[in-house]
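# A structural walkthrough
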Amino acid sequence: MPVPLNAYLEPIMSDSDPFDLGDIPEEETARSLSAQAMGGMRPPYLRSLNEAQQEAIEALDGPVLVLAGAGTGKTRVLTTRLAHALSTKKAWPGQILAVTFTNKAAKEMQHRIGSLIGGVVEGMPWLGTFHSIGAKILRRHAELVGLRSDFTILDMDDQHRLLKQLIKAEGIDEKRWPARQLAAHIDGWKNRGLTPDKVPAGDAEHFGNGKGASLYAAYQERLKILNAADFGDLLLECLRLFQENPEVLSDYQDRFKYMLVDEYQDTNVAQYLWLRLLAQKHKNICCVGDDDQSIYGWRGAEVDNILRFEQDFPGAKVVRLEQNYRSTPHILGAASGLITANESRLGKTLWTEMNEGEKVTLRGLWDGEEEARVIGEDIEQLQRDGHLLRETAILVRASFQMREFEDRFINLGLPYRVVGGPRFYERMEVRDANAYLRLVAQPDDDLAFERIMNKPKRGLGDKALQTLHQLARQQGISLSRAARLLIETEELRQPARRNLKDFIEMVDRWRALMPGMGHIELAETILDESGYTEMWQNDRSADAPGRLDNLKELVRSMEHFENLAGYLEHISLVMEIEQADTADKVNLMTLHSAKGLEFDTVFLPGWEEGLFPHQRSLDESGLAGLEEERRLAYVGITRAKKSARISFASNRRVHNLWQSSLPSRFVDELPKDHVDVVEGDTNFGGYGSFSQSRFDHEFSQSNYGGPGWQRAQANARSGAMKTRAPDLEGHAELVATSDPAASSYNVGERVFHQKFGYGHVAEIDGNKLTVDFEHSGRKKVIDTFVERHA
DNA sequence: CTGGAGGATCTTTTT
DNA sequence: GATCCTCCAG
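Conventions adopted
Residues numbered from 1 in each chain as written. Chains lettered and ligands numbered in written order. Predicted model: local features only at pLDDT ≥ 70, side-chain atom pairs only at ≥ 80, totals over all residues. Heavy atoms only, no water. Helix = DSSP H or I, 4+ residues; strand = E, 2+ residues; numbered from the N terminus. Buried < 20%, exposed > 50% of the residue type's maximum accessible area, 1.4 Å probe, protein only. Areas by Shrake-Rupley, 256 points an atom, 1.4 Å probe, with all protein chains shown as cover. Arc of directions from axis to C-beta. Contact = heavy atoms within 4.5 Å. Pairing = 2+ DSSP bridges. Axes fitted to C-alpha atoms, helices over the stretch in contact; angles between N-to-C directions. pLDDT = per-residue confidence, 0-100. Near = heavy atom within 4 Å. Nonpolar A, V, L, I, M, F, W, Y, C, P; charged D, E, K, R; others polar. Salt bridge = Lys/Arg side-chain N within 4 Å of Asp/Glu carboxyl O. Parallel < 35°, antiparallel > 145°, perpendicular 65-115°, else oblique. Patch = residues over 30% accessible without salt bridge, like charges linked within 9 Å, V, L, I, M, F, W, Y side chains within 5 Å. Lys, Arg positive; Asp, Glu negative; His and termini not counted. Charge placed at Lys NZ, Arg CZ, Asp CG, Glu CD. Expected span 1.5 Å × (residues − 1). Phe/Tyr/Trp six-rings, centres within 6.5 Å; stacked < 30°, edge-to-face > 60°. Lys NZ or Arg CZ within 6 Å of the ring centre and 35° of its normal.

What follows deals with the overall build of chain A. Of regular secondary structure, chain A possesses 33 helices and 21 strands. Scored against the burial criterion, the 790 residues of chain A give a buried share of 52%. Accessible area for chain A stands at about 35,500 Å²; split by element, carbon and sulfur atoms hold 51% of it.

Structure, rendered in structure tokens:
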């Protein structure tokens, strides 16, 4: 994330007149002179734009909705609009809020504005993703929502572990109510802007026999104790901050003279509310989006937000960008024809001045393997014809489809790259390393502590961890504080105790190094001294070398940051490591990660009922799900500049068993005029014509209870039967020891300890007791581990 | 407390 | 087919 240019922002944030040039450093004045020099003339950056684009750019004041179809120059409009606001001096960089969804988009905008205005525009402090901007605002006012400004941002793995603990503590059977499901619910609530107290009663019953809402509340409470926020909180807590603190809100309302929202069709309710609050004052909000490309409904995105824009912002100007600069007429025709099957859309008609080009091809194949082979051959042919591999992409519905292509390409020696695959920061070893860094930076980060306490093995297993947890909970302190207490006592057996002590001291030592040592050197020291690197060096498994490489890469990536805190903030918000991979490789990715990209040739394999549209989408969201799948297909086709090649297979291996499949209904919805059916040389399936698939379509509609669906039902049934008695053990433990009033013991008092038996208190040092046990001799223990015994 | 064996479950998409 | 989890034997 960009480093804020405080030097030049501060004056703007203060009460001084933002247009007072006296506050702006020289270079800035020099730059804005070029804008002034344009005078009344049409600024040069507007010249090569079409009418609609210019309209979208020049309508700076008042609410504007820009409906930007695929390939209509959306990003250009966005950035030019920004540049326009700046160069006409309607606003200074610090007064423009520009939000995107992905870090990639934010970076691209940053970059393009830079080249438009010329020079440094890291000065756009409020250009970023919803999440990064939310985090930035929250850090400034953390104490108002019960956090400290150095709060940790949890990733999904952390979130998952935490929820698991809570579910266990509630005595709920985790088999039946998996943590990931609860996480999905909580995410859903947060996306809809619901705090625990606002979760509708009916909703909460979906989880753990109606315990959903209370678990959510418990989770939020726990987050506050951990001084942590999850992804959803970055928005929801920010929203709460605004709602509960009008003066804070009004401050931001004043500040953001102009607001710009990219991919508006992907906003969820929380984001929508957030935007609305902020736009209340100046009302200069410009939302850019395409309802036909809304593909994140499952993540809480509300297509409604864009469909409702004109009601939400009365007097809104709506600009349609319909001239497409990317694709040939056939490709556009195929995509447009397909998307007309959707009912809920605002409707646009894309057109182009390009030459006809080739039709979209459609190919039926025997199985997934053949599909991979044929596409591989196609790509090799393209290569021979002088096409670049990097201008070729294979877009799949689900990531498991990638495997067959990878296998095939490795076989062929065809270079490929998986875009948006397993993320760097999600790898286990990288997370472990980050946990070390987090623990050093933030001593009370329990999740980090827990993660690495016994990695590498230090003889601190479950037992030690449980003892620690118990103590931490009773004392209301963090694990590392609890550890400090524990090593003073004899609660843990000798090896564990010594190991824990060593561990604590090691972390303390690193922390002490922090002020003097650069963060990179520090990271190296930590990885080295902790034995973590060594652990992988001694590991004989096949993936160990790769993991070591990743650790090196991690340390290298830290160079981009000024300090440890900056690095940690970055990785929690940006899951991807930036790498300039410009090599000529075929691109392999999911349809979702293809949004916003374009390629000469696009392969769209796997157009089969159940896979695409995905069965689960249909089961869970019905018609809305189907329409979203169709939009996904639309996104896929419109990625192609020159050639789109759709295929489907009659047989596919799923979970290691073969399933026969029918061509996707989307195949039938493609307008014939724009499609060529290609006969494969091994056309076992006999899908030579549309009539066959139309017939299959009829069949498939009555085939709703397909194998997958039946299996799902069977699972649900057996799950229901598996209900077990609630786990009482956890409760018993709580009841036995959680008695805060009992912490004051007297010397000579008789006490009972679970492990050491009966004894008399000999000395008292705070909450540490020295007890003479009748059978175990003199021991130091923490008072919460003993019971008073009359 | 560790490590290995065997079992269950998984695969839709992601900031 | 992989990964994660649980259980059991040292």
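Next, the rest of the story.
Further remarks concern helix α3 (residues 51-58). Among the residues making up α3, those that are buried are Gln53, Gln54, Ala56 and Ile57. Each buried residue of α3 lies within a common arc of 160° when the element is viewed along its axis, so the set occupies one face. The elements touched by buried residues of α3 are β1 (64-68), α4 (74-87) and β8 (317-321).

Next up on the list: the sheet that holds β1. If you trace the six strands from one edge of the open sheet to the other, you get β3-β2-β6-β7-β1-β8, paired in parallel fashion. The open sheet is flanked by β3 (127-129) and β8, the only strands paired with a single partner. Mean inter-strand twist for the sheet, computed between neighbouring axes without regard to direction, equals 15°. Examined bridge by bridge, strand β6 (residues 258-261) and strand β7 (residues 285-289) share three bridges and lie parallel to one another. Residue pairing in the sheet places valine 261 in a bridge with cysteine 287 of β7. Those strands touched by α4 are β1, β2 (96-100), β6, β7 and β8, and its axis lies near 165° from that of β2.

Our next topic: the confidence of the model for chain A. Considering every residue of chain A, the mean pLDDT works out to 79; 84% of them sit at 70 or more. The element-level mean pLDDT for chain A is lowest in helix α33 (residues 729-737), coming to 28, with strand β13 (residues 599-604) highest at 95. Segment residues 1-39: pLDDT under 50, and 47 contacts once partners within four positions in sequence are set aside and those in other chains are kept. This stretch, residues 681-743, has a pLDDT under 50; its non-local contacts, to residues over four places away or in other chains, come to 60 contacts.

We now examine the protein's contact with DNA strand B. Within the structure, DNA strand B sits among 28 residues, and Arg397, Ser399, Arg423, His614 and Arg616 are positioned closest to it. Taking the atoms of DNA strand B that fall within 4 Å of the protein, sugar and phosphate contribute 59% of them. Only α21 (462-475), α28 (591-594) and α29 (615-637) provide two or more residues apiece to the surface near DNA strand B. The element that contributes the greatest number of residues to the surface near DNA strand B is α21, accounting for three residues. Tallied by class, residues from the surface near DNA strand B come to seven nonpolar, 11 polar and 10 charged.

Under the criterion given, the structure shown has 53 salt bridges. Of the charged contacts in the structure, one is a salt bridge between arginine 373 and glutamate 377, with a shortest N-O distance of 3.9 Å. Of this pair, arginine 373 and glutamate 377 both sit in helix α17 (residues 368-384), four residues apart, roughly one helical turn. On the accessibility criterion, glutamate 377 (40% relative accessible area) is partly exposed. Through salt bridges with shared partners, a single network forms among Asp155, Asp157, Arg161, Arg431, Asp432, Arg451 and Lys455.

Turning our eyes to something else, we now look at the packing of helix α7 (residues 156-169) against helix α8 (residues 179-191). For any two helices packed against each other, the geometry comes down to the angle between their axes and how far apart the axes lie. Where α7 meets α8, the axes come as close as 9 Å, and the angle between the chain directions of the two elements is 110°. Our classification of the angle between α7 and α8 gives roughly perpendicular. Contacts from Gln159, His160, Leu163, Lys164 and Ile167 in α7 reach Ala179, Arg180, Leu182, Ala183, Ile186 and Asp187 in α8. Split into classes, the residues belonging to the contact of α7 with α8 amount to six nonpolar, two polar and three charged.

Before going further, it helps to examine a negative patch on the surface. A surface patch of like charges, here negative, comprises Glu521, Glu524, Asp528 and Glu534. Turning to its location among the elements, aspartate 528 is positioned in helix α24 (residues 519-529).

In this model, α21 (14 residues) spans 20 Å end to end at C-alpha, consistent with the 20 Å of a helix rising 1.5 Å per residue. Those residues of α21 lying buried are Ala464, Leu465, Thr467, Leu468, His469, Gln470, Leu471 and Ala472. One or two positions beyond α21, positive phi appears at glycine 476, with a value near 65°.

For strand β12 (residues 586-590), the tally of buried residues reaches five of five residues, placing the bulk of the element in the interior. Residues Val586, Leu588 and Thr590 of β12 are buried on one face, and the alternating residues Asn587 and Met589, pointing to the opposite face, are buried as well. Two strands pair when backbone bridges link them, and strand β10 (residues 392-396) and β12 are joined in this way by four bridges, in the parallel orientation. When the bridges of β12 are listed, valine 396 appears paired with threonine 590. With three bridges joining them, strand β11 (residues 416-418) and β12 adopt parallel strand pairing. Looking across to β12, one finds that valine 418 is bridged to leucine 588.

The next point concerns the sheet that holds strand β17 (residues 750-753). Taking strand neighbours across the sheet as the criterion, the five strands line up as β20-β19-β18-β17-β21 in an open arrangement whose pairing is antiparallel. Where the open sheet ends on each side, the last strands, each with one partner, are β20 (777-782) and β21 (786-788). Adjacent strand axes in the sheet meet at a mean angle of 45° when their direction is disregarded. In this sheet, strand β18 (residues 757-765) lies alongside β17 in antiparallel orientation, the contact comprising four bridges. In the sheet register, arginine 750 faces β18, and the bridge partner there is histidine 760.

This brings us to the pairing of strand β19 (residues 768-773). The buried fraction of β19 is high, at five of six residues. As defined by bridge partners, β18 adjoins β19 across six bridges and the pair is classed as antiparallel. Within β19, the position partnered with aspartate 765 by the bridge is lysine 768. A loop of two residues connects β18 with β19, the two strands running antiparallel in sequence, and glycine 766 in this loop sits at a positive phi of about 65°. The pairing of β19 with β20 spans six bridges and is antiparallel. Residue pairing across strands places leucine 769 opposite valine 781, the latter belonging to β20.

A few words now on the packing of aromatic side chains. Under the defined criterion, the tally for this structure stands at 20 aromatic pairs. Ring centres of tyrosine 252 and phenylalanine 256 lie 6.0 Å apart, and the angle between their planes is 35°; this geometry places the pair in the tilted category. Like phenylalanine 256, tyrosine 252 is buried. Joined through ring pairs, the aromatic side chains of Trp126, Phe242, Tyr252 and Phe256 make up one cluster. Seen from the ring of tyrosine 296, arginine 299 lies directly overhead, with NZ or CZ sitting 4.4 Å from the centre. In this arrangement the basic side chain of arginine 308 is found over the ring face of tyrosine 272, its NZ or CZ atom lying 4.9 Å from the centre.

Here lysine 455 and proline 456 are connected by a cis peptide whose omega angle stands at 0°. Within the fold, proline 456 resides in the loop between α20 (446-452) and α21. Here the residue pair phenylalanine 612 and proline 613 is connected by a cis peptide bond, since its omega of 5° sits within 30 degrees of zero. Unlike most non-glycine residues, lysine 89 shows phi in positive territory, near 60°. The exposure class of lysine 89 is partly exposed, given its relative accessible area of 23%. Even without being glycine, lysine 283 reaches a positive phi, approximately 60°. Along the chain, the position of lysine 283 falls in the loop between α13 (269-279) and β7. The exposure class of lysine 283 is partly exposed, given its relative accessible area of 47%.

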